[in-house]
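Coordinates in review
Chain by chain, the residues:
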Amino acid sequence: MRGNSPKSLQWRLEGIEIVNPNHFGAEGAAGGGISMLNTMVLGKSDFYTGGLAAEYNNAISGCLTLDLEKEIPINANTHSMSACWG
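Residues numbered from 1 in each chain as written. Predicted model: local features only at pLDDT ≥ 70, side-chain atom pairs only at ≥ 80, totals over all residues. Heavy atoms only, no water.

Describing the confidence of the model for the chain
Rules: Note on scores: pLDDT gives the predictor's confidence for each residue, bounded by 0 and 100. We call two residues in contact whenever any of their non-hydrogen atoms come within 4.5 Å of each other.
Here the chain shows a mean pLDDT of 74. Residues at 70 or above account for 65%. Low confidence marks residues 82–86, where pLDDT is under 50. Its contacts with residues over four positions away, or in another chain, come to 0 contacts.

See below:
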């Protein structure tokens, strides 16, 4: 959210609070072009700003809720990811 720290935004996956899934998602970083979440298995997302309900207890500026697909597409299992540590 513009004007707020990334720490003010709450991320939820299937109703459970998670850490920021973006690589370099901290304040002052590149913004997080790479995500830990595979978009092939994400079904629905909702973005809430201001006037949050009590269930979003630590969110100051907003909350992004993510839900998984009920059925994972067949081709989602064929994609592989690799990482280099250096």
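With respect to the sheet that holds strand 2 (residues 16–18)
Our working rule: Should DSSP find at least two bridges between two strands, the strands are regarded as paired. By definition, any uninterrupted DSSP run of H or I lasting at least four residues is a helix, any uninterrupted run of E lasting at least two residues is a strand, and each is numbered from the N terminus. Interaxial angles span 0 to 180 degrees and are taken between N-to-C directions of axes, which are lines fitted to C-alpha atoms, for helices over the stretch in contact.
Strand order across the open sheet formed by 4 strands is 2-1-4-3, with mixed pairing between neighbours. The open sheet has two edge strands, strand 2 and strand 3 (42–49), and neither has a second partner. Pairwise comparison of adjacent strand axes, ignoring direction, gives a mean angle of 30° for this sheet. Relative to strand 2, strand 1 (residues 9–13) runs antiparallel, the two sharing 3 bridges. Bridge pairing links Leu13 to Ile16 in strand 2.

Observations concerning the pairing of strand 4 (residues 62–68)
To keep things clear, this is the line we draw: Throughout, exposure labels follow a simple rule: accessible area from a 1.4 Å probe, protein chains only, divided by the maximum for the residue type, with under 20% read as buried, over 50% as exposed, and the rest as partly exposed.
Summarising burial for strand 4: 5 of the 7 residues are buried, a large majority. Alignment of strand 1 against strand 4, held across 5 bridges, turns out to be parallel. Bridge pairing links Gln10 to Cys63 in strand 4. Sheet topology note: the strand 3/strand 4 ladder contains 7 bridges and is antiparallel. When the sheet's bridge partners are listed, Leu42 is paired in strand 4 with Leu68.

Topic: the side chain of Ser8
Its place among the elements puts Ser8 in the segment before strand 1. Judged by relative accessible area, which is 11%, Ser8 ranks as buried. Setting aside residues up to four positions removed in sequence, Ser8 forms contacts with Ala59, Ile60, Ser61 and Gly62.

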